[in-house]
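Per-entry structural report
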Amino acid sequence: MSTVYIENRPHQMNEKQNLLEGCLSAGMNLPYFCWHPALGSVGACRQCAVKQFKDESDTHGRIVMACMTPAANGTRISIDDPEAVEFRRAVVEGLMLNHPHDCPVCDEGGECHLQDMTVMTGHAYRRATFEKRTFRNQYLGPFVNHEMNRCIQCYRCVRFYREYAGGGDLNAFSLRDIVYFGRERDGVLESEFAGNLVEVCPTGVFTDATHKRHYTRKWDLQFGPSVCIHCGLGCNTSVAERYGTVRRIVNRYHRAINGYFLCDRGRYGYEFVNSSQRIRQPRLRGRLVPAEAALGYLRLLAGGSVMGIGSPRASLESNFALRKLVGPEHFYAGIPSSEASVLALMLKILRTSTARTPTLHEIEEADALFILGEDVSNTAPRMALSARQSTRQQPMQGLERLHIPLWLDHPVREAVQNARGPLFVATPFATRLDGIATRAIRGAPDDLARLGFAVAHAINGSAPSEGVVDGTAEIAEALQRAHRPVVISGASLRNAALVQAAANIARARPGAALALIAPECNSLGLALLDAAPLEGALATHAETLIILENDLYRRAPEEVADKFLSRFHHIVVLDSLENATTRHAELLLPAATFAEGDGTFVSSEGRAQRALQAFVPPEAIAESWRWLGEWKSLDEAVAALAADIPALAAITSASPPASFREAGQKIPREPARYSGRTAKLAQISVHEPKPPDDPDTPLAFSMEGSPNQPPPAVTPFFWSPGWNSYQAINKFQEEIAGPLRGGDSGVRLFEPAARGNGYFPGAPRRFEPKPNEWLIVPIHHIFGSEELSRHAPGVAELAPQPYVALNPRDAEAFGAEVFCLGQRVRVRLAPEAPSGVVGVPADIPPFLGFDLPMRAEIRRAE
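Residues numbered from 1 in each chain as written. Predicted model: local features only at pLDDT ≥ 70, side-chain atom pairs only at ≥ 80, totals over all residues. Heavy atoms only, no water.

Re the overall build of the chain
The helix and strand tally for the chain stands at 25 helices and 36 strands. By the compact-globule yardstick of 29 Å for 862 residues, the chain fits well, its C-alpha radius of gyration being 28 Å. Across its three principal axes, the chain shows a C-alpha extent of roughly 85 × 75 × 60 Å. Contacts in the chain between residues at least 24 apart in sequence constitute 73% of all its contacts with a sequence separation of at least 6. Of the roughly 32,600 Å² of accessible surface on the chain, 51% is carried by carbon and sulfur atoms. Across the chain, the mean location of the 90 positive side-chain charges is 2 Å away from that of the 96 negative side-chain charges. (Helix = DSSP H or I, 4+ residues; strand = E, 2+ residues; numbered from the N terminus. Rg over C-alpha atoms; globule rule 2.2 N^0.38 Å. Contact = heavy atoms within 4.5 Å. Areas by Shrake-Rupley, 256 points an atom, 1.4 Å probe, with all protein chains shown as cover. Lys, Arg positive; Asp, Glu negative; His and termini not counted. Charge placed at Lys NZ, Arg CZ, Asp CG, Glu CD.)

The structure is reproduced here in structure tokens:
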């Protein structure tokens, strides 16, 4: 730590940070625009000016930019010096010369960083009377709205989009003294992280296009701290509600997981909650019935012969409630054995491996990555963003010798140039990371597993192998040279050998971390309940079948699901959206979504986190655990679960209990300026209604409550006096870009074992193409392959049409269309695809229910 004197008072600062970071970490207000904690400093806006003095006898000093000045020991500065104050005010006045007077109609109004900084600098009167510069706006797709007239040329957007996220279609175009930030022409932004422009931009140039359709000011939204349910990473989100509908999702900072950024599926997939296909009332034999009658009939059926099918997208509490209701021996996981066996293997590795399961932040800091079998950009997008940052680590290791601090962004990039650290990607088809990969290797799943086994053997000769595979030596050498190597694999290809090979590499290379990607938001939590796979249910009979938040037509072929469901006298389905399975329900119960209910989810990291409701749902919607269980509160359900399943005992500390109080008060879900509490319900009563009670959390459905900062797990939104934008996060961190005060939320269920179980045995046999028989492999898509987000209009717009991906040599025998798995679809050429392997879009109609990968025939469409 270094001592920095501000207004002649000593402050302790991190010597590896700059003065702006140090001042903000110390709780001071210093305006800025171009600096961003994840992007570093470029000194473009000149807004963070302070007066620096040589020593205590220096009374004149000089103006410096705090973001470009290191927090060196003995530094003396003044934020309140009149010359520095006037400099900052003049900078804002210059920026405002061309900025429109449209705050009342700007989507950013009330949470605008430019508004906050303008007020902070004291600029309150506009002297300029001439015409303003104007621009033509662009269509950028269904997620991001463009309003270029509001731009202040901070360059944050292109720095994030191009340099951080790796996008190529958004740029800064200049002509004389004019700079335009946009695309070469109108069109959908290509990056899967484009939605972060909404929070990165300090003004209203880039705003949430989905929010625009049902816009509400930030201060009139009610928030809930939640967890993203669209993949297995467990990114933290804040759900914003008004009038009983979800209005938007914003990032909820978690240093170990998502940091400052979300993928676009996690940010915009929320609109399924507002879908017209929502189930909102209980139905018995197709007729609406009161909740009490539905619950009574459920209890009647539960007293007989009953079987339950759980779900990897339902919470731990809901799966446990069903397991408790039907008995452990009659509870099935609801996923095919091919997936269940890989998840069981992953769980075994997490419990017994000596390798640490890294957080996404630790993956960012890795200096060598080997991705084996996973198209991370589509199965775990936020992890792919971390992988991009990891390629900078090894080239930056020599910067200390050059005396270039890591926060000085452009000098760092100038010194590094185009150098990248080792990143190896081994998948059947091309990925978005191939462009920055040291080497991209294509192969059938078994051949990729053979590569993994060979790498492990090359690192440590005691590991089993099946001979040398192309690329082995290069990958092994990079992992051995690295200080913080990470191996990534997962369950998307349902190939146990891939996961075993990754585990062998992590064991062969002491100190290597091992990240295993689970397919859905609670796949790992479901695996911890140790239920039999779906095939076990298919071979069992009972009078009544209860299906929990699971569309069986996504898990099994249509004819298999039809035959299975026809065997039962009574079928009870709990779900939030209509689907093929709900059509078979005798009793249909409306299940709460992540925004309307409370529950615990276990991420791929093995971190148990709690998603807490943002609002009380209308009508009879309730959490599935509340329909199925007899507990009166979430705490009771969690306690029962922890007592019954020792492996999940730690989940009781995933979030503060409902009895927690901050300064004797509950935590408000609504900002202090929340308005319309009477008017918005005037059609019911002109009297202000009593806020709903919340027996499950320490949060209140009100603006009343403690003004203190709550624990991170129950922080519904970030706000601080003078900081209305998302930049208020600075006030909640122990230090800038560090953990939140109170520590990272959630609890890790697994830590490295002291001693491992040895290596997994030999690699699978080499893949051999067969005449007239093809290996059909799933190709995952960030937009379309996830069940719930596909019901969001923006996501549905970007989902691909059905296709078959073929190597051009293999495609020569076919025309433009083929018959594959009984479907007529067009051919998409994939030059990188291995011969004999065919790709189809995963979990996108009509390719639902097939147990992929599988061998099958394809034929020319006449």
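Overview of the nonpolar core
With 106 residues, the main nonpolar core has F370, V455, L514, I546, L648 and L749 as its most contacted residues. When residues in this core are grouped by element, the largest group, nine residues, is from helix α18 (residues 496-508). Setting aside residues up to four positions removed in sequence, L514 forms contacts with I349, A355, R356, T357, P358, V487, A502, A503 and A506. In terms of nonpolar packing, the next biggest core, distinct from the first, is built from 78 residues, L24, A49, V144 and V205 among them. (Core = buried A, V, L, I, M, F, W, Y, C linked by side-chain atoms within 4.5 Å. Buried < 20%, exposed > 50% of the residue type's maximum accessible area, 1.4 Å probe, protein only.)

Quick look at the sheet that holds strand β10 (residues 222-227)
Sheets are built from strands that pair by backbone hydrogen bonding, the pairs being arranged parallel or antiparallel. Strands sit in the order β10-β11-β12 across an open sheet of three strands; the sheet is antiparallel. Each having just a single partner strand, β10 and β12 (245-251) make up the two edges of the open sheet. For this sheet the average axis-to-axis angle between neighbouring strands, irrespective of direction, equals 30°. Examined bridge by bridge, β10 and strand β11 (residues 236-242) share six bridges and lie antiparallel to one another. Along β11, the bridge assignment pairs P225 with S238. (Pairing = 2+ DSSP bridges. Axes fitted to C-alpha atoms, helices over the stretch in contact; angles between N-to-C directions.)

Digging into the packing of aromatic side chains
Across all of its chains, the model carries 18 aromatic pairs by this definition. Measuring from ring centre to ring centre gives 4.8 Å for F160 and F261, while their planes differ by 40°; the resulting arrangement is tilted. You can see F160 sitting in helix α4 (residues 156-164) and its partner F261 sitting in the loop between β12 and α7 (264-268), a full 101 residues away along the chain. The exposure class of F160 is buried, given its relative accessible area of 0%. Relative accessible area serves as the criterion here: at 2%, F261 is assigned to the buried category. (Phe/Tyr/Trp six-rings, centres within 6.5 Å; stacked < 30°, edge-to-face > 60°.)

Brief notes about the packing of helix α9 (residues 316-326) against helix α23 (residues 634-644)
Look at α9 against α23: their axes get within 10 Å of each other, and the N-to-C directions meet at 65°. The pairing of α9 with α23 is recorded here as roughly perpendicular in orientation. Crossing angle aside, the handedness with which α9 passes α23 is left-handed. Across from L316, E317, F320, R323 and K324 in α9, the residues of α23 making contact are L634, A637, V638, A640, L641 and D644. When the residues that make up the contact of α9 with α23 are grouped by side-chain class, the tally is seven nonpolar, no polar and four charged. (Parallel < 35°, antiparallel > 145°, perpendicular 65-115°, else oblique. Left-handed = near helix turned anticlockwise from the far one by under 90°. Nonpolar A, V, L, I, M, F, W, Y, C, P; charged D, E, K, R; others polar.)

Some words on the state of the cysteines
What makes a disulfide is a covalent bond joining the sulfur atoms belonging to two cysteines. On inspection of all chains with the given rule, the structure shows zero disulfides. Not engaged in a disulfide, the cysteine C201 finds its nearest cysteine sulfur in C154; these two sulfurs lie 6.2 Å apart. The buried category is assigned to C201, whose relative accessible area is 8%. Residue C231 stays outside any disulfide, its sulfur separated by 5.8 Å from that of C228, the closest cysteine. Owing to a relative accessible area of 9%, C231 belongs among the buried residues under this scheme. (Disulfide = S-S within 2.5 Å.)

Describing the domain arrangement of the chain
Each assigned domain of the chain is listed with its residue range as follows: domain 1 (2-95), domain 2 (335-380 + 415-544 + 564-655 + 745-766) and domain 3 (774-860). Inter-centroid distance (C-alpha atoms) of domain 1 to domain 3 is 55 Å. (Domains from an automatic or database assignment.)

Side note on α23
Residues L634, A637, V638, L641 and A642 constitute the buried set of α23. All buried residues of α23 lie within an arc of 130° about the axis, which places them on one face of the element. Buried residues along α23 sit in contact with α9, β26 (607-611) and α22 (624-628). (Arc of directions from axis to C-beta.)

Some thoughts on the environment of A682
Tracing the backbone through its elements, the reader meets A682 in the loop between β27 (667-668) and β28 (699-700). Residue A682 is classed as partly exposed on the basis of its relative accessible area, which comes to 41%. For the pair A682 and H791, spaced 109 residues apart in sequence, the C-alpha separation works out to 32 Å.

Overview of the side chain of R247
Examined against the element boundaries, R247 turns out to sit in strand β12. Lacking a salt bridge, the buried R247 has E241 as its closest oppositely charged neighbour, with an N-O distance of 7.1 Å. A polar contact is formed between the side chain of R247 and the backbone oxygen of H214, at a distance of 3.0 Å. What R247 contacts, discounting residues up to four positions off in sequence, is H211, H214, Y215, T216, L221, A240, E241, R242 and Y270. (Salt bridge = Lys/Arg side-chain N within 4 Å of Asp/Glu carboxyl O. Polar contact = N/O pair within 3.5 Å; in protein donor to acceptor, adjacent residues only side chain to side chain.)

Points about the pattern of salt bridges
Enumeration according to the criterion identifies 47 salt bridges in this entry. Residues E751 and R748 are paired through a salt bridge, measuring 2.8 Å at the closest nitrogen-oxygen approach.

Section: the pairing of strand β33 (residues 823-829)
Strand direction decides the pairing type here: strand β31 (residues 803-806) and β33, joined by four bridges, are parallel. The residue of β33 that forms the bridge with Y803 is R826. Connecting strand β32 (residues 817-820) to the antiparallel partner β33 that follows it, the hairpin turn spans two residues, and L821 within it adopts a positive phi of roughly 55°.

What to know about unusual backbone geometry
Omega for the bond connecting P845 with P846 falls within 30 degrees of zero, at 10°, which places this linkage in the cis form. Considering the arrangement of structural elements, one finds P846 in the loop between β34 (837-841) and β35 (854-856). Residue P853 is bonded to the preceding L852 through a cis peptide linkage, with omega at 0°. Among the secondary structure elements, P853 is positioned in the loop between β34 and β35. Residues other than glycine seldom take positive phi values, yet Q153 does so here, at roughly 55°. Considering the arrangement of structural elements, one finds Q153 in the loop between β6 (144-146) and α4. Overall, Q153 belongs to the partly exposed group, its relative accessible area being 25%.

Brief notes about the packing of helix α10 (residues 337-352) against α18
Their axes nearest at 9 Å, the elements α10 and α18 cross at an angle of 15°. The angle between the axes of α10 and α18 places the two elements in the roughly parallel class. Here the hand of the crossing between α10 and α18 comes out right-handed. The segment α10 lies against α18, with V342, L345, M346 and I349 engaging A496, V499, Q500 and A503.

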